[in-house]
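Architecture and fold: a report
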Amino acid sequence: MKISLDWLGDLVSWDDNTEELAAKLTAAGLNVESIEEYKVSFPGVVIAKVVKREQHPDADRLSLCQVDAGTGELVQVVCGAPNVREGLTVLLATVGSVLPGNFKIKKSKIRGVQSFGMICSSTELELGVDGDGIMELDTELPLGSSADELYGYSDMVLDIEVTPNRPDWLSHVGVAREVAAIYDTKVSLPRTWSSQQTGESLGMKVRIDEYADCPRYSAFGARHVEVGPSPDWMQNRLRAIGSRPINNVVDITNYVMFETGQPMHAFDQSKLSGNTITVQRAEKGVKVITLDEQERVLDEGTLMVCDDKGPIALAGVMGLASSEVDKGSRDILLESAFFNSLMVRKASRELGLISESSYRFERGGDWEMVIKAAHRALYLLQEHAGAHIVTDWADRFDPDRETPANIPLRKWQFNRVLGTDISTDEAAQMLQALGLKVQPMGNPDASNPNAVNMMVKVPSFRRDLFQEIDLIEEIARSYGFDNMAGGDGFTGSQAGIRNVKDVALAKIRSWFGACGYNELVTSSFQAAGDLERMQMPEDDLRFKTLAVMNPNHGGDITLRSHMLPSLLHVVCRNINSGAAVPLHLFQANRVYLPGGKKADTTQNKDNALLPEEPFLLQFAVAGNKEKGLDGVPADLLDIKGAVEALSSYLRLPLVLKVCDCEPWLISGQQWAIQDAQGENVGSAGRVSPKVLDAFDVNLPVAVAEINLDLVDLNPVEMKFEPFTRFPAVKRDLSLLVPEGIVYEDIEKVVVEAGGVHLNSVQLFDVYRGKGVAEGHGAYGIRLKFLSAKGNLKGKTVDYAIKQIIEALSSRLKIDHR
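What comes next concerns the included structure. (Residues numbered from 1 in each chain as written. Predicted model: local features only at pLDDT ≥ 70, side-chain atom pairs only at ≥ 80, totals over all residues. Heavy atoms only, no water.)

In this section: the pattern of salt bridges. A full pass over the atoms with the stated rule returns 37 salt bridges. We note a salt bridge from arginine 237 to aspartate 10, for which the minimum N-O separation is 2.5 Å. With arginine 237 in helix H5 (residues 232–240) and aspartate 10 in the loop between helix H1 (5–8) and helix H2 (18–27), this residue pair connects regions lying 227 residues apart in the sequence. Taking the relative accessible area as the measure of exposure, arginine 237 reaches 8% and is therefore buried. Notably, a salt bridge pairs lysine 372 with glutamate 368, separated by 3.8 Å at the nearest N-O pair. Residue classification places lysine 372 among the partly exposed positions, given a relative accessible area of 45%. When its relative accessible area of 43% is taken as the criterion, glutamate 368 is described as partly exposed. One network of salt bridges, with partners in common, ties together Arg166, Asp168, Glu178, Arg462, Asp464, Glu474 and Arg477. (Salt bridge = Lys/Arg side-chain N within 4 Å of Asp/Glu carboxyl O. Helix = DSSP H or I, 4+ residues; strand = E, 2+ residues; numbered from the N terminus. Buried < 20%, exposed > 50% of the residue type's maximum accessible area, 1.4 Å probe, protein only.)

As structure tokens, this is what we get:
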């Protein structure tokens, strides 16, 4: 990858000369193979004016010109350009000058007439591809000034060796991130197009046959494009890194690719058939003509981008001539996509067609850059091609795509591996400087094998980070490998500060006690047959257990992998002994999962035999047969309220999401408990009757379980918000709700439609029966409107109510009674 320092300087700053910058980049892992000076200079080419033009006496297509080059004497030049005329300001290559391609200008005789120089076209100076005529200048520079003052350019270019696992370095933005980390500066991202919705339609839709082949494809529209030369600064930068300018549209897509690392392609929309772009695999024998004017026969399975008639591009490799942008193009369809790297590599190798685009896609793309890069290209099209950007665009992506999991990082481990004494804060700053997001965990000074000090969120441009050792390598690069030479190993001290989990557990026990719950202390062993009673699928990892080889007692010998059986045994004994119901119980303890995550094996390979030992909090309500609002079981409401109240008390952002997540809970009567990042950390719901029967429990049980090892137990910082001085306005609505619609959907629509003054929504009544249509329910909701700026007027609230009623009717078919 060639990096222009002129270009890089727009994105980041540094305070070293070129050689020192190259040395520091190499030390950080970006091997700078060479430093090249790129210079555009035209010695002997000057600004001149055609004073007089006459017809060549012996050639119809040649002109005899008298040119003023600022020397005080006119220069006679024979010129064959059709656009030469008197008064025209031009570039004159004087006798003795050398043009690109080592073309030397000599005094010559053309058809019997002496010529003392050459009036230049853009092609002859390699300033463009239009060689139909000489360049026509509009400048106030004095005659005789060097052409360098208009078109000269100087740059330093770094040639960087990019390893296959770092596709983010195949861009100026990616290298800028590294420079910013080295010099403790910030990256200034380039300007992008800002979307403003106007109701305008793109007129195209996107279909993807297999998301595995193309997880994301976006299409944007640019209208009334004026295809022509790109600006000089863009052409100079592209030439500096070895890319040939073509026209402003193509140059912009290439420029953004080298800037952000995201390949793009521009189609002439007028040459496309239909209104659907489809990403699909080719059948065997499909023939296409690519942009290099070569006919190619595709193998079966080659990934293509097609319109309604057929292929228009080889996905991630090259466009086809049938949809090429040319001088007559006016409407552009811009493609920005995330293609499967293996599919692109397969097509590129089978066709013998390696492009800058395929080179990047083969190494993996940046999910978030798909849209960001497109917006950058749209901004440049708007600025340098006179384009009108269509505010509507198509963005089709895999809805089931999983985001990479956060990576735990331990101070004990990175200092042990590197032989350093780096603090948690120092490590966090190094990772943040590289664009990684760091969430502190527990005690930052804790340093032991089990203490996770931070969770690191990997950005989409770092596809090479998967595990803790990868993060340690990043710390090593930032810290400096030379700084670790001759180290004496890890000498960090242990801190006697109370563990954050211990603090949280103390609060939890106190809170549950105050709420009338009794704490259970149950055995770490489980009885034979307990897991089979749990109605779990055969492949559930909790069926993998450990047993004590030489027990010193006659009881159970299998370490428990599930906590619910122990709770149900306690419930059964208490009910059978006549204890008053409902029972409110909780316990906090570990389970042992040989099939879970493996322990660290660096010091001892036998650690791989040890189980994962997550610390679980479990609480339950047993024996409550009452019904709540709309017939919802009261114990289910109790357990839901307990999760929400505990979250509020501990200031932990726990959220309940309706979904079936555990086989031993009743389908449709359970939630996943999620943290602020949307990660599952537990479950809640009613225990299945089959499971209760298996444990001889004849009363309902609702239970919640939270894996405290997955929760950041540091309380969210409290923020004070002043009370408003103005009274609230409350309105009640009675809604006729069809069966199958859950209240969560109703509340979501109300909040979205209610406007900025809607403060809260509360469900206070549900009725089904006489007076209500069959298949419907009457829901009573209370809306609270509030403004911090003054008393709300009735018409303001009435308008909000109207918007809410209309939204409920149009989106959920709910009528206002």
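Note on placement: glutamate 538 falls in the loop between strand S29 (525–526) and strand S30 (558–559). C-alpha of glutamate 538 to C-alpha of tryptophan 193: the two residues are 345 residues apart in sequence and 53 Å apart in space.

Moving on, we get to the nonpolar core. Membership of the largest hydrophobic core comes to 57 residues, with the highest contact counts inside it found for Leu8, Leu158, Ile160, Val179, Val225, Val249 and Leu381. Per-element tally for this core: the top contributor is helix H9 (residues 369–384), with 10 residues. Look past the residues within four positions of isoleucine 160 in its chain and what remains in contact with it is Met1, Ile3, Leu30, Asn31, Val32 and Val175. Counting 36 residues, the second largest nonpolar core, distinct from the first, contains Leu202, Phe267, Leu298 and Leu333. (Core = buried A, V, L, I, M, F, W, Y, C linked by side-chain atoms within 4.5 Å. Contact = heavy atoms within 4.5 Å.)

Here the focus is the packing of helix H11 (residues 424–433) against helix H12 (residues 468–479). Their axes nearest at 9 Å, the elements H11 and H12 cross at an angle of 90 degrees. Put simply, H11 runs roughly perpendicular to H12. Contacts between H11 and H12 involve Ala427, Met430 and Leu431 from the former and Leu471, Glu474, Ile475, Ser478 and Tyr479 from the latter. When its residues are assigned to classes, the contact of H11 with H12 shows six nonpolar, one polar and one charged. (Axes fitted to C-alpha atoms, helices over the stretch in contact; angles between N-to-C directions. Parallel < 35°, antiparallel > 145°, perpendicular 65-115°, else oblique. Nonpolar A, V, L, I, M, F, W, Y, C, P; charged D, E, K, R; others polar.)

The strands making up a sheet are joined through hydrogen bonds of the backbone, oriented either antiparallel or parallel. With mixed pairing, seven strands are arranged side by side in an open sheet as S28-S31-S32-S36-S35-S34-S33. Pairing within the sheet leaves two strands with one partner each, and these edge strands are strand S28 (518–519) and strand S33 (655–658). When strand S35 (residues 680–687) meets strand S36 (residues 701–707), the two strands line up antiparallel, connected through five bridges. Pairing of glycine 685 across the sheet is with valine 703, part of S36. Where helix H16 (residues 634–650) meets the sheet, it contacts strand S32 (615–622), S33, strand S34 (665–674), S35 and S36, and its direction lies at approximately 140 degrees from that of S32. (Pairing = 2+ DSSP bridges.)

Once that is clear, we can look at the packing of aromatic side chains. Throughout the structure, instances matching the rule amount to 14 aromatic pairs. Measuring from ring centre to ring centre gives 5.4 Å for phenylalanine 338 and tryptophan 367, while their planes differ by 65 degrees; the resulting arrangement is edge-to-face. Pair noted here: phenylalanine 338 is in strand S22 (residues 332–338) and tryptophan 367 is in the loop between helix H8 (356–361) and H9, with a separation of 29 residues, a long-range link. Of the two residues, phenylalanine 338 and tryptophan 367, both sit in the buried class. Taken together, a centroid distance of 4.8 Å and an interplanar angle of 15 degrees make the contact between phenylalanine 512 and phenylalanine 586 stacked. (Phe/Tyr/Trp six-rings, centres within 6.5 Å; stacked < 30°, edge-to-face > 60°.)

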